[in-house]
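# Chain and residue survey
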Amino acid sequence: MATTTKHEIGKWDTFHNNGPFETRVMYKTHLEGKGNMPNWLDRYNDAAKEIQRLLQEALDKKEGFRGYGSGWSMSHIAHQKHNMHFNAFMNLKKAISFDEMHTSTNYKHENLFFFQSGNVIKEISNFLFDHGKSLKATGASNGQSIAGCISTGVHGSALNVGAVQDYVIGINLLIGPGINDNVYLERDTKHALNNAFAEKINARVIRNDAMFNAALVGLGAFGFVHGVLLEAEDRFLLKRYVKRVDKNTALQLAANMDFENADFHIPGETDANGKPNRPFHYKIFINPYVEDAEYVIELIFKKPYQVNYPDPIPIIKKAIYRDLIVLFTSIAERCKRSIPKIIKLLHKSILPPVDIELTGTLAETFWDAPYQGPAFACAVGIDAANSPKALQLLIQLARNEGPVPGIYAMRFVKKSEATLAFTRFSITCMLEIDGLIWNAKNNKMISLTGFCKRTIEVLIANQIPFTLHWGKNADWSFPGLVQHMYGNDATIWKKQRSKLLTKETAALFSNGFLDDTGLSEYFD
Amino acid sequence: MLIVLPCKKAIFLLSLLLYLGIVPACYSVRVMNKDAVPEPDPMNTSPDFYRGKLTHVLDTVIGLKLLDGDFHLIVKPCSSRGFYSFEYKVDFGGVMLSAITFGKKRKVKIKYVCIKETD
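All of these numbers come straight from a predicted model, not from anything done at the bench.

## Topic: the overall build of chain A
The number of helices and strands found in chain A is 17 helices and 20 strands. Computed over the C-alpha atoms, the radius of gyration of chain A is 23 Å, within 12% of the 24 Å expected from 2.2 N^0.38 for a compact globule of 524 residues. When the backbone C-alpha atoms are referred to their principal axes, chain A occupies close to 65 × 55 × 40 Å. The buried share of chain A, taken over its 524 residues, is 52%. Taking contacts inside chain A between residues at least 6 apart in sequence as the whole, the part at least 24 apart equals 73%.

Laid out in structure tokens, this is it:
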């Protein structure tokens, strides 16, 4: 039997110290040992039974229940004041076999893998690598759980791929304690697995595009995500360059994404006609407090996999132009993390020298990110075409109403089909600012909440449609925020949730974040 | 010949010697497994590398007999999974202890994280 330990913790905090938040209980469920229960399926179903037992307990007490993985979100999305469940020990993995495929599927069985919710990106990548496969894209690092990634829309920065949820093609949800509350959900227009597979995991099948798309970035509100079916691809390599380029060229590329006709190219990264190749990933780093004629950009190109390439990890470890917070803390360390000194340095310094080139797999390129101390991150999603204008506005905001101890970056990702995807535009520019948490009163500065609120107000005032990253800092209580960002899609999402859950189970899977954003609303 | 130093100079020289003796003798080295995933611990809120990781600490003194050669310190918690990271620390006290006991007493201070169990 899977065993659960109960901890009356009182307070819970995110990995990046964005809390603490009042929390009564944390549960940790460990799977039954392989020796006692050798069959993968038995252990998976045993764990489902245990989670459903915990759901029943919470329901009986009329309390909430929420699973979480690594706690990397900086918003309070993962938090539940009554019961939180730490999922990381539930990490079963399975390659899908041909006889588990739906007869009308267009997917290749060798590309499909089923992962229990507590698997983190790094262990998924390792498992796929052993099968000659790779994830299609990840975030800037590898410690998030797969359920956390899709529930909050972790996006990475792959121009032609999309966010993590975009290669998820089936979800196993536990939506309550009853026999009918184990659900396998996939799109009706893109079948993946057959009913026999669902029966094996004791799930009833729902094939419905609207419900699947709503549950995909489900914010933990569509039930307990127990398993995820994802589509991988053959292993590949990424070649990474960090360069300084003319600011106007960098911003022009941000707006039109027309890399093939750009007057800027990297030697060796051209096609047979000498035209620049389209990168896998494009990122711009910006210090908002300095007028610099050049911006630092990161370009990554996809290459076929080969065995013999130099180990990139020693370079990755030293590289500072990776995760934005890594870059910022490397700057902050020079000032011993003193906020006034950091601000002073930002006002006079350009960004550090660029990193050297490297080649590695996706998992190596977006490798471990160490704990960086208390940190904040705000990310707005805008149409790439609007990105130069939005950047200018937010730079002015940071200069005129700040300063805040952080720097900006822009990344670009293909549109998602998920109803509440942060990556909502045909190509979404993630305009993000990362930095160290500061004490506004002590330093006589604008507060983080104030800065987040002003970011929203500035974008609305300038009629720039936007979204906000669900897992990052924002003024989540801003009136009418979700309706403004998603319009009718916010209503569709709530209606799909109301269709799947009862009023009682909707309350079970709600939390303060859903209440603050108005997304806990239930339609009878 | 007896050299008599002014008091301040003597203190400075003594501090310098002490510093030069202690600083190189105090260090730590952390070895990490590149592809491994650490065993998690949501209760570990330490503000450093070990945050969120189940961390084992071993701080002991081992005693060797006169004819003992190699010494193996056996640790159990990682079972057959292996180490995600392993850090050993050498401090001045440990160096002194080893020196004055001719290596027969050794201070061992290690901190390690196991690899997450995988299925």
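## Considering the overall build of chain B
Tallying secondary structure elements over chain B gives two helices and four strands in all. When the helices and strands of chain B are read in sequence order from the N terminus, they spell out α-β-β-β-α-β. If you take every contact in chain B between residues at least 6 apart in sequence, the share linking residues at least 24 apart comes to 69%.

## Thoughts on unusual backbone geometry
Residues and elements named next belong to chain A. Of note, the bond from Gly19 into Pro20 is cis; its omega dihedral lies within 30 degrees of zero at 5 degrees. Inspection of the secondary structure puts Pro20 in the loop between strand E1 (3–12) and strand E2 (21–30). Omega for the bond connecting Gly402 with Pro403 falls within 30 degrees of zero, at 5 degrees, which places this linkage in the cis form. Among the secondary structure elements, Pro403 is positioned in the loop between helix H11 (387–401) and strand E18 (406–414).

## A closer look at the confidence of the model for chain B
Per-residue confidence for chain B gives a mean pLDDT of 83, with 83% of residues at or over 70. When the elements of chain B are averaged for pLDDT, helix H1 (residues 7–22) of chain B gives the smallest value, 69, and strand E3 (residues 83–90) of chain B the largest, 92.

## Re the sheet that holds E2 of chain A
Residues and elements named next belong to chain A. In spatial order, the strands read E1-E2-E4-E3; together these four strands make up an open sheet with mixed pairing. What marks the edges here is a single partner per strand, and that holds for E1 and strand E3 (65–68). In this sheet, adjacent strand axes meet at a mean angle of 25 degrees when their direction is disregarded. Across four bridges, the pairing between E2 and strand E4 (residues 83–86) is parallel. Paired with Met26 across the bridge in E4 is Met84. Sheet strands in contact with helix H1 (residues 40–60) are E1, E2, E3 and E4, and its direction is about 150 degrees off that of E2.

## Focus: the nonpolar core
Ranked by internal contacts, the top residues of the largest apolar core, which has 168 residues, are Leu173, Val228, Phe285 and Leu431 of chain A. What Val228 of chain A contacts, discounting residues up to four positions off in sequence, is Phe115, Ser117, Ile146, Ala147, Ile150, Val168 and Ile171 of chain A.

## Here's the deal with the domain arrangement of chain A
All names here are of chain A. Taken domain by domain, chain A consists of domain 1 (3–234 + 499–517) and domain 2 (236–475). Between domain 1 and domain 2, the C-alpha centre-to-centre distance is 29 Å. Taken residue by residue, the interface counts 38 residues in domain 1 and 41 residues in domain 2. For the side of domain 1 that touches domain 2, the elements supplying multiple residues, two or more each, are helix H2 (121–130) and helix H5 (209–216).

## Here's the deal with the sheet that holds strand E5 (residues 93–95) of chain A
Residues and elements named next belong to chain A. The six strands lie next to each other as E5-E6-E11-E8-E9-E10, forming an open sheet whose pairing is mixed. Taken across any chain shown, the strands that pair with only one partner, and hence form the sheet edges, are E5 and strand E10 (204–207). Here the average twist between neighbouring strands, direction ignored, is 20 degrees. Bridge count for strand E9 (residues 182–186) against E10 is four bridges, and the pairing is parallel. Bridge pairing in E10 links Val183 to Arg204.

## Focus on the packing of H5 of chain A against helix H15 (residues 488–500) of chain A
All names here are of chain A. Between H5 and H15, whose axes approach to 9 Å, the crossing angle comes to 105 degrees. It follows that H5 is roughly perpendicular to H15 by the angle criterion. Of the residues in H15, those touching H5 at Ala210, Met211 and Ala214 are Ile492, Trp493, Gln496, Arg497, Lys499 and Leu500. The residue inventory of the contact of H5 with H15, partitioned by class, reads six nonpolar, one polar and two charged.

## Let's talk about H5 of chain A
All names here are of chain A. The buried count for H5 comes to six of eight residues, which makes it a mostly enclosed element. Buried within H5 we find Met211, Phe212, Asn213, Ala214, Ala215 and Leu216. Where H5 is buried, its residues meet helix H3 (146–152), strand E8 (168–174), E9, E10 and H15.

The rules behind these values
- Residues numbered from 1 in each chain as written.
- Chains lettered and ligands numbered in written order.
- Predicted model: local features only at pLDDT ≥ 70, side-chain atom pairs only at ≥ 80, totals over all residues.
- Helix = DSSP H or I, 4+ residues; strand = E, 2+ residues; numbered from the N terminus.
- Rg over C-alpha atoms; globule rule 2.2 N^0.38 Å.
- Buried ≥ 20, exposed ≤ 12 C-beta atoms within 10 Å, placed from the backbone.
- Contact = placed C-beta atoms within 7 Å.
- pLDDT = per-residue confidence, 0-100.
- Pairing = 2+ DSSP bridges.
- Axes fitted to C-alpha atoms, helices over the stretch in contact; angles between N-to-C directions.
- Core = buried A, V, L, I, M, F, W, Y, C linked by C-beta atoms within 7 Å.
- Domains from an automatic or database assignment.
- Parallel < 35°, antiparallel > 145°, perpendicular 65-115°, else oblique.
- Nonpolar A, V, L, I, M, F, W, Y, C, P; charged D, E, K, R; others polar.

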